[in-house]
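As a plain string of letters, each chain reads:
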Amino acid sequence: MRCYLDESYTIFSTIYANLIGLRKELADSLSSCRVLVVGAGGIGCELLKNLVLTGFKNIEVIDLDTIDVSNLNRQFLFQKKHVGKSKAQVAKESVLRFCPSANITAYHDSIMNPDYNVEFFRNFQLVMNALDNRAARNHVNRMCLAADIPLIESGTAGYLGQVTVIKKGQTECYECQPKPTQKTFPGCTIRNTPSEPIHCIVWAKYLFNQLFGEEDADQEVSPDTADPEVAWNPADAAARATASNKDGDIKRVSTKEWARSTGYDPVKLFNKVQLFKDDIMYLLTMDKLWKKRKAPLPLDWTEIHQLESSQEEAFGTGLKDQQVLGVQGYAQLFHRSVETLRSQLIEKGEGAELVWDKDDPPAMDFVTAAANLRMNVFSMNMKSRFDVKSMAGNIIPAIATTNAVIAGLIVLEALKTLNSDFDQCRTIFLNKQPNPRKKLLVPCALDPPNPNCYVCASKPEVTVKLNVHKTIVQALQDKILKEKFGMVAPDVQIEDGKGTILISSEEGETEANNNKFLSDFGIRNGSRLQADDFLQDYTLLVNLIHSEELEKDVEFEVVGDAPDKAPAPSVPEEGKNIANGNKDSAQPSTSSKAAAEDDDVLIVDSDEEPSSSTMEASPESSNRKRKHHDADTDATASKRKRLDQQPADDDEDIIALD
């Protein structure tokens with residue numbers, strides 16, 4: 001910790017030294033220029049404080065979130081009395097207390113709201129990101145490119161951090177290099193053969209949605225009879241299944257429908273369909289699955305509550321959330337949470353749905369209980385509520401000192417940018433440990449734009465392989481254009497000589513097209529689509545390749561030179577233990593189809609200011625344009641290529657992250 005404090009002190013000493021030597025022109029520009037801060041969380045709080053103390057007077061800050069009690073250990077502009085209030089508004093009020101002369105405007109809103117269009121961004125001389133998610137980063141990146149405004153991007157994860165400067169036409173944009181896609185797990189692993197706690201936690205979140213939230217066919221929790229490992233006859237197995245009684249026959253019906261028919265009875269939910277007894281007994285009939293795995297052990301509600309209470313004591317000491325309960329304890333927690341969630345549904349009225357939130361106690365209790373009971377069934381060590389929340393909420397540990405250091409670096413890069421010293425701007429990495437040259441902070445020269453980038457290239461273009469007879473328009477819009485290519489509200493026309501509008505951002509205009517296949521519109525191998533996002537002032541030409549040979553569960557592939565693939569992360573070789581569940585870490589599935597973590601982590605082997613263009617990257621206008629109205633309102637690592645002049649002992653000096 002001492003080295004981090006020393007480094008933080010050095011950063012702020014440097015800021016002070018720069019302030020003393022500021023040219024009058026630059027000092028004056030700080031008080032007159034307008035800057036936008038996107039995010040008022042861990043980095044954002046430190047950044048706002050630094051900006052006003054440096055001399056910035058006209059600041060606008062936007063953040064959609066409200067203050068949670070878990071923020072208070074590092075977001076020092078907030079106090080307990082502020083819990084539940086707008087982060088942006090409270091940050092403004094707190095900063096004005098020690099710099100009343102500042103002119104600060106706060107927006108409690110999403111930066112992706114169409115009100116914050118290109119003209120809005122052009123009001124600023126500089127934009128600074130203090131975000132925690134990739135979708136918003138992508139969007140701000142595109143808005144700054146469209147407005148031709150410099151952007152300072154930043155991120156932290158635990159003791160690691162980074163800052164970089166993005167300038168249209170001069171540097172790589174945020175999307176120039178590929179990012180690893182969010183970690184996913186094959187459905188058969190989640191439903192049939194979980195081997196890690198994270199598999200059970202994902203299953204429990206799916207179960208919450210199926211019971212209380214919006215049902216999703218891609219989040220099924222019942223046994224997967226189409227599992228390629230299964231070599232049995234389902235009809236024969238059903239006949240052999242012993243989990244059958246008067247009110248519990250195995251029936252493949254909607255999970256929510258069955259739950260409603262029982263009145264959300266916790267005991268029936270526990271014993272019957274989709275949970276810890278009947279479905280597990282059904283899984284046991286899939287003989288081949290358990291030849292090289294430890295078979296699951298069904299749980300019975302009555303048997304659990306006959307256990308001696310002495311066997312059900314919590315393990316561990318400390319806070320309640322950090323204790324691990326016994327099976328009986330988690331069964332009781334399951335019972336209580338189901339009753340609470342049922343009451344919430346009744347209060348909301350007929351047809352109501354709940355939304356899972358890691359900060360909602362009953363929802364978190366349900367996932368904690370269900371996940372741990374499933375871990376027990378599959379012979380895994382159970383987890384505390386604290387651990388489950390961290391994995392279920394994709395929480396990355398936050399360190400206050402890291403945020404302070406990164407915020408200081410942002411201001412230094414901002415001073416260079418506003419002083420027109422762009423040649424002096426750097427990408428700077430904060431490492432967990434000093435490198436062989438005893439440096440924690442490692443600067444890298446900024447890279448030029450990637451000519452193949454599908455965002456900042458002069459004419460962005462991609463090629464997508466899919467099956468035009470199986471891909472519906474809704475999937476093109478949601479999974480390809482929005483999720484993969486980061487559009488907010490795309491308008492799509494077919495380049496067929498007629499200008500056929502396939503997708504419109506105008507509400508209801510092309511809704512009838514949503515469930516039709518692409519082939520229904522004459523789209524075939526070689527067809528071209530023009531996708532416009534008028535909010536982002538962004539146009540993407542999409543070339544389609546028809547293929548009937550995509551892998552199972554793969555709906556589309558991005559092919560060609562566009563930066564669509566990141567190097568696969570190295571996964572430790574699995575042991576050959578026949579036991580199924582003695583793993584306690586939240587590591588990726590060992591399936592070859594599992595993707596990398598959603599943390600943009602890069603490693604280079606030098607502290608010499610290399611250009612990242614020498615390294616292997618790792619992390620992701622139409623003549624019929626119409627006015628846009630609506631829009632939808634963080635460490636896996638891979639090494640970069642070693643520089644020829646780099647000593648062999650300078651390994652893993654730099655880590656970059658989302």
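Along each chain, numbering runs from 1 in the same order as the chain's sequence is written. For a predicted model such as this one, the threshold for reporting local features is a pLDDT of at least 70, and the threshold for listing and counting side-chain atom pairs is 80 or more; totals across whole chains, interfaces and linings nevertheless cover every residue. In computing side-chain values, all of the structure's heavy atoms are included and hydrogens and water are not.

Let's shift gears to the packing of aromatic side chains. Only rings of Phe, Tyr and Trp enter the pairing, Trp through its six-membered ring, and a pair is recorded when the two centres are within 6.5 Å. The plane angle decides the type: under 30 degrees is stacked, over 60 is edge-to-face, the rest tilted. Summed over the entire model, instances satisfying the criterion amount to 11 aromatic pairs. Ring geometry for F120 versus F121: centroids 5.8 Å apart, planes at 85°, classification edge-to-face. Each ring, one from F208 and one from F212, has its centre 5.6 Å from the other, and the planes form 50°; the classification is tilted. Note that F208 and F212 are positioned in helix α8 (residues 197-212) at a spacing of 4 residues, about one turn of the helix. With relative accessibility at 1%, the residue F208 sits in the buried group. A relative accessible area of 0% places F212 in the buried class. An aromatic cluster is built from Y107, Y116, F120, F121 and F124, whose rings are joined through pairwise contacts. A cation over a ring is seen here: R34 above F124, with NZ or CZ 5.2 Å from the ring centre. Above the plane of the ring of W203 lies R374, whose end atom (NZ or CZ) is 4.3 Å from the centre. Numbered from the N terminus, helices here are DSSP runs of H or I no shorter than four residues, and strands are runs of E no shorter than two. Buried means the residue's accessible area, taken with a 1.4 Å probe over protein chains only, is under 20% of the maximum for its type, while exposed means over 50%, and partly exposed covers the values in between. The rule for a charge over a ring is simple: NZ of Lys or CZ of Arg within 6 Å of the ring centre, and within 35 degrees of the ring normal.

Okay, the UniProt feature "binding site: Zn(2+)" (unreviewed entry) in the protein next. In this numbering, the UniProt entry assigns the feature "binding site: Zn(2+)" (unreviewed entry) to C173, C176, C453 and C456. For the residues just named, distributed over 284 residues, the greatest C-alpha separation is only 8.5 Å, placing them together at one site. What makes two residues a contact is simply this: any of their non-hydrogen atoms within 4.5 Å. Dropping the residues within four chain positions of it, C173 is found in contact with N141, L145, I166, C453, V455 and C456. Relative to the assigned elements, C453 resides in the loop between β8 (441-445) and β9 (461-466). Taking relative accessible area as the criterion, C453 reaches 2% and is therefore assigned buried. UniProt positions are given in the numbering used here, feature names are shortened, and annotations may be inferred rather than shown by experiment.

We now examine the sheet that holds β8. At least two bridges found by DSSP between two strands are what make those strands a pair. Read across the open sheet, the 8 strands follow the order β3-β2-β1-β4-β5-β6-β7-β8; overall the sheet is mixed. The open sheet has two edge strands, β3 (103-107) and β8, and neither has a second partner. On average, adjacent strands in this sheet sit at an angle of 15° to one another, irrespective of strand direction. In the sheet, strand β2 (residues 58-62) pairs with β3 via 5 bridges, with the strands oriented parallel. Of the residues in β3, the one forming a bridge with I59 is I104. Across the sheet, helix α4 (residues 87-98) lies against β2 and β3, angled at about 165° from β3, the strand it touches most. Lines fitted to C-alpha atoms define the axes here, with helix axes fitted over just the stretch in contact, and angles between the N-to-C directions of these axes take values from 0 to 180 degrees. Each of β1 (34-38), β4 (126-129), β5 (151-157) and β6 (160-166) touches helix α6 (residues 134-147); the most contacted strand, β5, lies at about 165° to it.

A word on the packing of α8 against helix α15 (residues 361-377). In the contact formed by α8 and α15, the axes pass within 8 Å of each other and the chain directions differ by 130°. Between α8 and α15, the angle is such that the two are oblique. The two elements α8 and α15 cross, and the hand of that crossing is right-handed. Packed against α8, whose contacting residues are P197, C200, I201, W203, A204, K205, L207, F208, L211 and F212, the element α15 presents A363, F366, V367, A370, A371, R374 and M375 at the interface. For the contact of α8 with α15, the per-class residue count stands at 15 nonpolar, no polar and 2 charged. To sort the angles, those under 35 degrees are grouped as roughly parallel, those over 145 as roughly antiparallel, those from 65 to 115 as roughly perpendicular, and the leftovers as oblique. If you view the pair so one helix is near and one far, a crossing is left-handed when the near helix is turned anticlockwise from the far one by less than a right angle, and right-handed when it is turned clockwise. In this classification, Asp, Glu, Lys and Arg are treated as charged, Ala, Val, Leu, Ile, Met, Phe, Trp, Tyr, Cys and Pro as nonpolar, and every other residue, Gly included, as polar.

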